[in-house]
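Next come the chains, spelled out residue by residue.
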Amino acid sequence: MVVVVKLRMPTTKRRELNLTDFPPGTITEYTTLVCLACIFDIFTKQLGLAPRTAFLEIKRHAPTIEELTSPHTMRPYFDSEEKHPHCPYCGSTKRGLARFDTYRIEGGKTTDAARRALVKKLPKADDQFLVLEKKSDSRAVFFDWLDTLGRSLDLNDEAWLVDATRMFLERREPKTDWEEAFDGLRAVRYSTRLAEGWERDGGRLFLAPHLYSEALLVQYLVSRSHVHGGLTLEGRLTLLDLIRRLRYGGYLDQIGITEREPGEVFEKLIDHLASTHEWSPYRTARGSERVAAAKKAARGSERVGLKKSSKPSSKSRKGKAEPPPPEEMTTEPVKLHYLVDRRDFLDKVKTVYAHYAR
Ligand SMILES: [Zn+2]
């Protein structure tokens, strides 16, 4: 499986689907190659079918989700990063190979309408597209997302910290135009003044304490297996350092984590981040109130880090938007929808059959 578009990167695909109605980070794209020469071989030589029968059978072929997305492929499937790939089993090149493009869409409120609209528009003839479903849960989806995020970043270049923050915010608050919020950004900072949301001040983006805490967590999770360990905007942190910061910064209290044992705290943090619940208590945080506050803000009133005061100032709340109640943190079921583009496969099957039938 070669993951092509992970986080909305432009591609030069010939027949790409229009996925602009989906929030960033909700779609993962996989490409896998299949060797038609190998398939014809299996059908005609091993199973003894006549070429025409083999052709009709092969045309109906519907790969499984596993075959399309697993990092370990089996004949006749294979992955290749080469510009001119060839089959590792029989050596076939271009003409004998076909490609399946698979789009995995995370089910949920933010994607369901767009997904139904997209599926409706897909061509129906010959099963050019397959629509498959798989049950998963918020935790598995979150770790997949982290894994994808990690692979799309260059962890040797510290700019990844800002990129990871943006991608996390895109996932958390898909309705915000984060591209604009991050345009020309130089630094992400902890805000001592904002109780909620974020604000831009020149080249800096200030995040309310809980958002900043979550960004740190994501940075830690992305980089903990990297050679440098858990690198964050606050420097390199061990899990204990991180938990201590989140505790003293008030974040653990805010989301209702009362456990003391680091392992338990960590598990709860993961469940919280992975949760697909609406973040609505924070959604109301932006807008005129924040803008007004931003205008009043004196330059330099912000401070970097989670070191000292951490209580959001009650003034900036103006009695609105109560903090969220401590929630039940459990793994939630998530439905994954797979759209499999068989168009290239159908085209190539015909060509290969024509060649065989000669
Ligand atoms: Zn082959």
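Bear in mind that the values here come from a model prediction, so they are computed numbers and not experimental data.

Definitions and cut-offs
Residues numbered from 1 in each chain as written. Predicted model: local features only at pLDDT ≥ 70, side-chain atom pairs only at ≥ 80, totals over all residues. Heavy atoms only, no water. Helix = DSSP H or I, 4+ residues; strand = E, 2+ residues; numbered from the N terminus. Buried < 20%, exposed > 50% of the residue type's maximum accessible area, 1.4 Å probe, protein only. Contact = heavy atoms within 4.5 Å. Areas by Shrake-Rupley, 256 points an atom, 1.4 Å probe, with all protein chains shown as cover. Pairing = 2+ DSSP bridges. pLDDT = per-residue confidence, 0-100. Axes fitted to C-alpha atoms, helices over the stretch in contact; angles between N-to-C directions. Parallel < 35°, antiparallel > 145°, perpendicular 65-115°, else oblique. Nonpolar A, V, L, I, M, F, W, Y, C, P; charged D, E, K, R; others polar. Phe/Tyr/Trp six-rings, centres within 6.5 Å; stacked < 30°, edge-to-face > 60°. Donors = N, O, S within 2.8 Å, 3.2 Å for Na, K, Ca; no water. Tetrahedral: all angles 85-135°; square planar, octahedral: opposite > 155°, others 65-115°. Core = buried A, V, L, I, M, F, W, Y, C linked by side-chain atoms within 4.5 Å. Salt bridge = Lys/Arg side-chain N within 4 Å of Asp/Glu carboxyl O. Polar contact = N/O pair within 3.5 Å; in protein donor to acceptor, adjacent residues only side chain to side chain.

**Let's talk about the overall build of the protein**
At step 1: A count of helices and strands for the protein gives 14 helices and 11 strands.
At step 2: Across the 358 residues in the protein, those meeting the buried criterion constitute 50%.
At step 3: Looking at the protein alone, contacts between residues at least 24 apart form 71% of all its contacts between residues at least 6 apart.
At step 4: Accessible area of the protein: about 18,300 Å², with a carbon and sulfur share of 52%.

**Remarks on the pairing of strand 4 (residues 97–106)**
At step 1: For strand 4, the tally of buried residues reaches 9 of 10 residues, placing the bulk of the element in the interior.
At step 2: As paired strands, strand 2 (residues 27–35) and strand 4 are joined by 9 bridges and run antiparallel to one another. Directly across from threonine 28, in strand 4, lies its bridge partner arginine 104.
At step 3: With 6 bridges connecting them, strand 4 and strand 11 (residues 333–341) associate as antiparallel partners. Directly across from tyrosine 103, in strand 11, lies its bridge partner leucine 339.

**Re the confidence of the model for the protein**
At step 1: On average, residues of the protein score 80 in pLDDT, and 79% of them are at 70 or above.
At step 2: The element-level mean pLDDT for the protein is lowest in helix 12 (residues 280–283), coming to 33, with strand 8 (residues 204–207) highest at 97.
At step 3: The model gives residues 1–13 a pLDDT under 50, and that stretch makes 45 contacts with residues more than four places away or in other chains.

**Examining the environment of alanine 195**
At step 1: By secondary structure assignment, the location of alanine 195 is in the loop between strand 6 (187–190) and strand 7 (198–201).
At step 2: Residues alanine 195 and histidine 210, spaced 15 residues apart in sequence, show a C-alpha to C-alpha distance of 8.5 Å.

**Things to note about the packing of helix 8 (residues 209–223) against helix 9 (residues 239–248)**
At step 1: Packing of helix 8 against helix 9 brings their axes to within 11 Å, and their N-to-C directions diverge by 170 degrees. Between helix 8 and helix 9, the angle falls in the class roughly antiparallel. For the pair formed by helix 8 and helix 9, the contact residues are Ser213, Leu216, Leu217 and Tyr220 on the first element and Leu239, Leu242 and Leu246 on the second.
At step 2: Split by residue class, the contact of helix 8 with helix 9 holds 6 nonpolar, 1 polar and no charged.

**Quick notes on the packing of aromatic side chains**
At step 1: Taken as a whole and judged by the stated rule, the model has 8 aromatic pairs.
At step 2: Taken together, Tyr77, Phe100 and Phe345 form an aromatic cluster joined through their ring pairs.

**Regarding the coordination of the zinc ion**
At step 1: The protein atoms that coordinate the zinc ion are Cys35 (SG), Cys38 (SG), Cys87 (SG) and Cys90 (SG), at distances of 2.2 to 2.3 Å.
At step 2: Coordination at the zinc ion comes from 4 donor atoms whose angles at the metal span 105 to 115 degrees, giving a geometry best classed as tetrahedral.
At step 3: Coordination of the zinc ion draws on donor residues from a single chain, spaced C-x2-C-x48-C-x2-C in sequence.
At step 4: Relative accessible area serves as the criterion here: at 42%, cysteine 90 is assigned to the partly exposed category.

**Here's the deal with unusual backbone geometry**
At step 1: Here the amide bond leading from arginine 75 into proline 76 is cis, since omega sits at 5 degrees, within 30 degrees of zero.
At step 2: Note that proline 76 resides in the loop between helix 3 (65–69) and strand 3 (77–78).
At step 3: Unusually for a residue other than glycine, aspartate 126 sits at a positive phi of about 55 degrees.
At step 4: If you check the backbone angles, aspartate 127 has positive phi at about 50 degrees while not being a glycine.
At step 5: Within the fold, aspartate 127 resides in the loop between helix 4 (112–121) and strand 5 (129–137).
At step 6: You can call aspartate 127 partly exposed: its relative accessible area is 47%.

**Observations regarding the nonpolar core**
Note on soluble globular proteins: their nonpolar side chains tend to be buried together.
At step 1: In terms of nonpolar packing, the biggest core is built from 46 residues, with Phe182, Leu207 and Leu269 touching the most fellow members.
At step 2: If we skip the residues at most four places from it in the chain, leucine 269 touches Leu217, Leu246, Tyr251, Leu252, Ile255 and Ile257.
At step 3: Formed by 19 residues, the second largest nonpolar core is a distinct cluster that contains Ile39, Tyr77, Ala98 and Phe100.

**Here we look at the pattern of salt bridges**
It is possible for side chains of opposite charge to pair when their charged atoms get near one another.
At step 1: Applying the stated criterion across every chain, the model contains 20 salt bridges.
At step 2: For the salt bridge of lysine 45 with aspartate 41, the shortest nitrogen-to-oxygen distance reads 3.1 Å. With lysine 45 and aspartate 41 both in helix 1 (residues 36–46) and 4 residues apart, the pair spans about one turn of that helix.
At step 3: On the basis of relative accessibility, which here comes to 64%, the residue lysine 45 falls in the exposed class.
At step 4: We classify aspartate 41 as partly exposed; its relative accessible area is 25%.
At step 5: The partner of glutamate 133 in a salt bridge is lysine 335, and the shortest N-O contact between them spans 3.5 Å. On the criterion of sequence distance, the pair formed by glutamate 133 in strand 5 and lysine 335 in strand 11 is long-range, its members being 202 residues apart.
At step 6: According to the relative accessible area criterion, lysine 335 is partly exposed, its value standing at 39%.

**Overview of the side chain of arginine 193**
At step 1: Mapped onto the secondary structure, arginine 193 falls in the loop between strand 6 and strand 7.
At step 2: A polar contact of 2.4 Å, which involves the side chain of arginine 193, links it to the side chain of glutamate 199.

**Re the environment of lysine 348**
At step 1: Residue position: lysine 348 is located in helix 14 (residues 343–357).
At step 2: Residue lysine 348 is classed as partly exposed on the basis of its relative accessible area, which comes to 21%.
At step 3: Distance in space between the C-alpha atoms of lysine 348 and lysine 94 is 9.6 Å, their sequence separation being 254 residues.
At step 4: Discounting residues that sit within four places of it in the chain, lysine 348 has contacts with Leu36, Lys94, Arg95, Leu97 and Ala98.

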